[in-house]
Amino acid sequence: MATHQLFIDGQWRDPVEPRLRPVINPADEDVLAQVAVAAAADADLAIDAARRAFDQGDWPWLGVCERAAILRRIADAIEVDGDHLARLETLNAGKTFGESQGDVANVVATFRFYAALLEGEGGTANTHAPAHVISLNQREPVGVCALIAPWNYPLLQLAWKVAPALAAGNTLVIKPSSLTPLTALRLCELIEQVGLPAGVFNLLTGPGEIGERLAASPDVDLVSLTGGATAGGKVMRAASGNFKRVALELGGKNPNIVFADADFEVALDQALNAVYFNAGQVCSAGSRLLVEADIHDDFVQALAERVRRIRLGAGLADGTQMGPVISAGQRDQVLGMVSGALEEGAQILAGGRIPQGEGFERGFWLEPTLLGNVRASMRIAREEIFGPVITVERFEGEAEALQLANDTPFGLAAGVWTRDLAKAHRVARRLRAGTVWINDYNAAFPQAPWGGYKSSGIGRELSRAGLDEFSEFKHLYLNTSPAALNWFGV
């Protein structure tokens, strides 16, 4: 069984206090590896290494073409190692191998996107300046960045931070989730092989308190976290000491609106895709399905039949369509929300139980679940489920659909299904969400920004906006013919 160390200042090393934590396969509860548990002293060592690499090293001041070439080498290394990374992701996170392969492809595309974006970068001249003045707007790195990744997309969400942070010239301290560190550790090995200077890339495995330590450090200039609202609040409070920049992606309660004039079969299929990939453990999951009254009953009946046919199984097994949830605690939390919904009057139309029989004796299994008779006031309609559960609400007309969809503290994503493009445009404009898909769902790519309104977070990942998150902007003003003003006389 593999044992993994911390990566600090260009070296793999044991933690100051020698402790290990087992990493569990959620499909069968087997131990996959033992991983070092960092303490506060290890976090301080990693921060010091990143600080030296930024303040005294050459990395922040490399030319953009040099950094772009390094990003491309990282992308190439990930691509070559793709099946190995996908297998690790499936074993550690529980998702199907096909989903993991898709994640790896997105990771490769993200590094290549930022490499290409860098090559088009440079100081922008302000042409309105006088002829004797050179006025430039210049992009520079923020400094030391703490990057805290979640357990549901361990590699992909990390890459969405690492690629633009390195592209901008920052030095990094990475903290993956304690539940799913294996692909982050492998990414670190690949980046080490590419040959970044010591201290530019550091990795700590450990509890959430390590993330708070990073956020609180006065030597960290930016902290970026993808996770839950509780973790986001802790990081934000810890980061306030030196007013460091904070970027937070905190999840959502995402409405998926199906109008009566939608393509019935496509909307039906995509309602499943919106939730049951990765067992519903997706921040943008369309778990709150809103269906127009004219088609509600037929749509829900057809959806229930499809939900019952979803094939559960280990992610590496042939034919598996949905794997387990990440942990017993997550499974129990989801079941608790379902139980609470039933007490409030909801009805189970499919699933709702822990599956029994061969293959499900061990692991953290939960049937894909569909709940009907849900009202907007119910807890399950207002709080993020983060599991394989769809709730269905009925609406009458465009105005009520918008009222229901926006009646949430979150604002990450939303879906709209209709053949009426004018209506689609009206609704999309009025939805308070960072991403709105029209006649599609859960499509994401590096060129488009990712992030949410309201309690879904602060800032944006991906696109040029993602590079901006990890950049400072400086105005350089050079007067080539200085002259005295004599404002106050001679």
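Structure shown above.
Computed from a predicted model, the values in this text were never measured in an experiment.

Definitions and limits used
- Residues numbered from 1 in each chain as written.
- Predicted model: local features only at pLDDT ≥ 70, side-chain atom pairs only at ≥ 80, totals over all residues.
- Heavy atoms only, no water.
- Helix = DSSP H or I, 4+ residues; strand = E, 2+ residues; numbered from the N terminus.
- Contact = heavy atoms within 4.5 Å.
- Salt bridge = Lys/Arg side-chain N within 4 Å of Asp/Glu carboxyl O.
- Pairing = 2+ DSSP bridges.
- Axes fitted to C-alpha atoms, helices over the stretch in contact; angles between N-to-C directions.
- Phe/Tyr/Trp six-rings, centres within 6.5 Å; stacked < 30°, edge-to-face > 60°.
- Buried < 20%, exposed > 50% of the residue type's maximum accessible area, 1.4 Å probe, protein only.

1. Remarks on the environment of Tyr 477
Then comes step 1: Mapping Tyr 477 onto the fold places it in strand β23 (residues 471-479).
Then comes step 2: Apart from the residues within four sequence positions on either side, Tyr 477 is in contact with Val 133 and Ile 134.

2. Quick look at the pattern of salt bridges
Then comes step 1: Enumeration according to the criterion identifies 26 salt bridges in this entry.
Then comes step 2: As a salt-bridge pair, Arg 394 and Asp 297 come within 3.2 Å of each other at their nearest N and O atoms. Here Arg 394 is found in strand β17 (residues 389-395), whereas its partner Asp 297 is found in helix α10 (residues 293-308), with 97 residues between them in sequence.

3. Quick word on unusual backbone geometry
Then comes step 1: Residue Glu 29 is not a glycine yet carries a positive backbone phi of 65 degrees.
Then comes step 2: You can see Glu 29 is positioned in the loop between β4 (20-24) and β5 (31-36).
Then comes step 3: The backbone of Phe 243 sits at a positive phi, close to 55 degrees, despite the residue not being glycine.
Then comes step 4: With respect to the helices and strands, Phe 243 occurs in the loop between α8 (229-239) and β12 (245-249).

4. Here we look at the sheet that holds strand β1 (residues 2-4)
Then comes step 1: Strand order across the open sheet formed by three strands is β1-β5-β4, with mixed pairing between neighbours. What marks the edges here is a single partner per strand, and that holds for β1 and β4. Ignoring which end each strand starts from, the neighbouring axes of this sheet average 30 degrees apart.
Then comes step 2: Strand direction decides the pairing type here: β4 and β5, joined by five bridges, are antiparallel. Bridging across to β5, Arg 21 finds its partner in Val 35.
Then comes step 3: Packing of helix α6 (residues 182-194) onto the sheet brings it into contact with β1, β4 and β5, and relative to β5 it is tilted by some 60 degrees.

5. Here's the deal with the sheet that holds strand β14 (residues 288-292)
Then comes step 1: Strands sit in the order β15-β16-β17-β14-β13-β19-β20 across an open sheet of seven strands; the sheet is mixed. Looking along the sheet, the strands with just one partner apiece sit at the ends: β15 (347-350) and β20 (435-438). On average, each strand axis in the sheet is tilted by 25 degrees relative to the strand beside it, whichever way the strands run.
Then comes step 2: Inspection of the sheet shows β14 paired to β17 by five bridges, in the parallel sense. Bridging across to β17, Leu 290 finds its partner in Glu 393.

6. Quick look at the packing of aromatic side chains
Then comes step 1: Evaluation of the coordinates by the stated rule reveals ten aromatic pairs.
Then comes step 2: Measuring from ring centre to ring centre gives 4.9 Å for Phe 7 and Trp 12, while their planes differ by 55 degrees; the resulting arrangement is tilted.
Then comes step 3: Under the relative-accessibility criterion, Trp 12 is labelled partly exposed at 25%.
Then comes step 4: Between Phe 264 and Phe 299, the ring centres sit 5.3 Å apart and the planes meet at 70 degrees, which makes this aromatic pair edge-to-face. Taken as a pair, Phe 264 in helix α9 (residues 264-276) and Phe 299 in helix α10 lie far apart in primary sequence, 35 residues in all.
Then comes step 5: According to the relative accessible area criterion, Phe 264 is partly exposed, its value standing at 26%.

As far as function goes, none of this settles anything; it's purely spatial.
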